[in-house]
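Spelled out, the chains give:
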Amino acid sequence: MQADTAGPRKEMSQGMLAVLFSAPAVLIIASTILVPFGIAVFLSLHRWNLKRPGREKFIGLENYIDWLGDSDFWGPLQTTITFAIGSVVVILVVSLLVALLLNEEFPGRGVLRAMLLIPWAIPSVVNALLWKWLLNPQYGLVNAVALELGIITEYQNVLGSMPSVMIWLIIAYAWIHIPLATLLLLSGLQTIPDDIYESAIVDGAGIWQRFAFITFPLLRPMLSIVIIFEMIFALKVFDIIFVLTAGGPANATNVLGWQIYTETFRKLDFGAGSSIAMLLGAITLGLAIIFYVFLDRGRQVE
Amino acid sequence: MLSSKKLIVLLALFTLLIGSAAMAQDDGLKLTGWPYQVDVVTENLGRFTDQYGWDAEFLPFPSNEYRDKMVASFVAGTEFDVAYVRDSYLAEWAAAGWIQPITGLEGAEELLADLPQGIIDQMSFEGEVYGLPYYSGVQTLAYNAAHLEAAGIMSPPETWDEMLQQAQMIKDAGIVEYPIFMSVRSGENYLLREWETLTAARGGKLFDDDFNPLFQEEGSAAWEALDWLTTGLDMGVIDPASLTNDDPGLLLAAGTSTFQTTTDYALKAMNDPEQSMAAGDIKNALIPGTDEVRSGTWGYVRLYAITNNTQDKDAAWQLVQFLGGKDATGVYYVPKRWALEFGLGFSPAPLYEDEEVRNSISGWIDPDLLSEQSEYAISRPYRFVPYFSDWEIGSWGPLQAAILGDADKGQVLADLAEEWNDLREEWE
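In this text the structure is predicted, and so the values were computed from the model without any measurement.

> Help me understand the interface of chain A and chain B, please; the structure alone is not making it clear to me.
On the chain B side, the residues contacting the 21 residues of chain A number 26 residues. Of the residues that constitute the side of chain A that touches chain B, the class distribution is nine nonpolar, eight polar and four charged.

The structure is reproduced here in structure tokens:
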């Protein structure tokens, strides 16, 4: 009897230990994510403008309904999606090419892999300031090089008009996000056994055939993860907009992240700002779920 | 068991944590503002400590983000005692109860008696005065005289059309690619202010005295101002970076720009050989007008105010008096220092009589022209309603679109007028 009762008691104490060990993490997550999230939900259901203290009022879903009928939501949403799609495509294509290159054996591969991490190590605001200098219309390096190469005849203000502002914003954003995507894809490439390629070569498969029928299908789960990650990051973009364009010119780069900032910290309307933040969160979560379902379906087929 | 090395590292980290927390508990006065000449501000605070015995430190935020950072600080309850305030958001901060009036405080009446009524009005909200001036001045025209001379131009432009013609001559002569820079970037210190300058210099205003919008009326000065910007950009004489650049003064200092409207004190740095390649060439002139209107401009004031979060209002008021008024020896020490060393505009009447100040100014700006420019200054009372900033923020994108020709000007201006009226109705 003693042996029977000793077992469950030991399991209980292990369970308690697990709870105790995870409690600090749970507390931190609760205080830094769940509490702010709850406050944001609360604010989004209220009229809450800091410039009008004492006039806070519960208004239910009115903020949400107002946004859904407002061009100040749909315009930035369109800009956000344009930016996100452009960014993800650039990041995916470049990081895939770099990962394929770094997966090959060649002298200096280790150094190149280490160098790849440099952009990733730079804080995103510093990255934005770097690009602000590079693209400066009076003394920017990009203008100087383009002029020397004869691509342009005079310095250009690429951040001053569409579509060049969006193109350069995507390039500047992609530059710092490519390393993470490359590392993920590289780790995916290294899980593909060499003997599959060797068999394909014996069967006479060329480079393109090996990529299309071996690399790509086996890399698809990792590609899906990269797409999900990068899409979520891009939908939430803010810092690079803040430094490079401030949503301009003429609202051309006014993404939802910037609109949230404008409503909340410039107009001081925390109710409106929180509700649009919730809408962005819902859109991001929805897209993540859709991608996840596709990923899961792909796995099941395999 | 922890090894002794790990234990030492942990103890060191713990000590650092406790130490930094203790440092953060410093109970001196805290002044916040934008980071202009931080060393000088710190020196001034040192003098304040010597004279009054209170410790004081300066904790600035970046200029372009100052309002946003301060709002976050106010909401979070950060205990700043004294803050710089721009007149453009004085009403907003006063209405929200983030800053305190100085009306009635001991010594306030005497200091206010030295100030012009116009400055007091610009520091007031609903009948209460909210601080003492840090600096004040007017917007004026700065131009590179060497560029004009090289292009064979005898005198700076008197009308906006003439400015376009001169700019074309300078461009054609290969002196500068884009002779005119107009600050029409998104942001609180840029587009609206430039539009107000261009409008005032055509004899107009954005709003009438009852705060009704005027800009949407076809043929209005404000409408023509936007047309002029579009024309200049299309001609290639206005720098397209006007829409994005946040530090145009550097262009004049580098000699790559000929005409800019600017704050009066900026000319001191532009004519300082250590800061400017065009030192000595940058002159001030009246902001151009039209055939009927000679010029137009607006004045501004930056002030020191006591925040509502201060734990020691008496000490904070003492600091405001020291910074914006007189020190313990009874002289306007800080305002005079700003005027002498950095050319910042001042308001107290006794400084106008100060020979040292008068001689200093004439070294980098024509004081007679500056004085004449200030006579053309218009008041902008519409900026002192708490919903102005909401309207202004929403105006940047549409106005840029109208200037670039990406949107119909009439429609943009009509929409902005409607937006103003909606906000006004909501607030009133």
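> What's the story with the packing of helix α3 (residues 71-102) of chain A against helix α9 (residues 207-235) of chain A in this structure? I'm lost.
For any two helices packed against each other, one specifies the crossing angle of their axes together with the interaxial distance. Residue and element names in this part refer to chain A. Following both chains from N to C, one finds α3 and α9 inclined at 140 degrees, their axes separated by 9 Å at the closest point. Taken together, the axes of α3 and α9 lie oblique to each other. Handedness of the crossing formed by α3 with α9: right-handed. For the pair formed by α3 and α9, the contact residues are T80, F83, A84, S87, V88, I91 and L92 on the first element and V226, I227, E230, M231, A234 and L235 on the second. Residue composition of the contact of α3 with α9, grouped by class: ten nonpolar, two polar and one charged.

> Can you walk me through the pairing of strand β10 (residues 282-285) of chain B in this structure?
Residues and elements named next belong to chain B. Taking every second residue as pointing to the same face, both faces of β10 are buried, with I282 and N284 on one and K283 and A285 on the other. Where strand β7 (residues 132-144) meets β10, four bridges bridge the pair, whose relative direction is antiparallel. Looking across to β10, one finds that N144 is bridged to I282.

> For this particular structure, what's the right way to read the confidence of the model for chain B?
Interpretation of the predicted coordinates at a detailed level should be avoided for regions scoring low in pLDDT. Residues and elements named next belong to chain B. Taken over all residues, the pLDDT of chain B has a mean of 90, while the share at 70 or more is 94%. No element of chain B has a lower mean pLDDT than helix α1 (residues 4-24), which averages 51, and none a higher one than helix α8 (residues 160-172), which averages 98. What the predictor reports for the complex is a pTM of 0.80 with an ipTM of 0.77.

> Is there a simple way to think about the domain arrangement of chain B in this case?
Interfaces are often described in size by the accessible area the parts lose on coming together. Residue and element names in this part refer to chain B. Each assigned domain of chain B is listed here: domain 1 (28-137 + 300-374) and domain 2 (139-298 + 378-427). The C-alpha-based centres of domain 1 and domain 2 are spaced at 27 Å. At the interface, 24 residues of domain 1 touch 23 residues of domain 2. When residues of the side of domain 1 that touches domain 2 are traced back to their parent elements, those giving at least two are α4 (90-95), β7 and α17 (367-375).

> Looking at this structure, how should I read the environment of F211(A)?
For F211(A), the position within the fold is in helix α9. For the pair F211(A) and L100(A), spaced 111 residues apart in sequence, the C-alpha separation works out to 9.8 Å.

> It is not clear to me how helix α8 (residues 194-202) of chain A should be interpreted in this structure. Could you clarify?
Helical periodicity: at 3.6 residues per turn, an α-helix aligns residues three or four positions apart in one direction. Among the nine residues of α8(A), zero are classified as buried, and the element is accordingly described as predominantly exposed. Positive phi shows up at G204(A), right after α8(A), with a value of about 90 degrees.

What counts, and at which threshold
Residues numbered from 1 in each chain as written. Chains lettered and ligands numbered in written order. Predicted model: local features only at pLDDT ≥ 70, side-chain atom pairs only at ≥ 80, totals over all residues. Contact = placed C-beta atoms within 7 Å. Nonpolar A, V, L, I, M, F, W, Y, C, P; charged D, E, K, R; others polar. Axes fitted to C-alpha atoms, helices over the stretch in contact; angles between N-to-C directions. Helix = DSSP H or I, 4+ residues; strand = E, 2+ residues; numbered from the N terminus. Parallel < 35°, antiparallel > 145°, perpendicular 65-115°, else oblique. Left-handed = near helix turned anticlockwise from the far one by under 90°. Buried ≥ 20, exposed ≤ 12 C-beta atoms within 10 Å, placed from the backbone. Pairing = 2+ DSSP bridges. pLDDT = per-residue confidence, 0-100. Domains from an automatic or database assignment.

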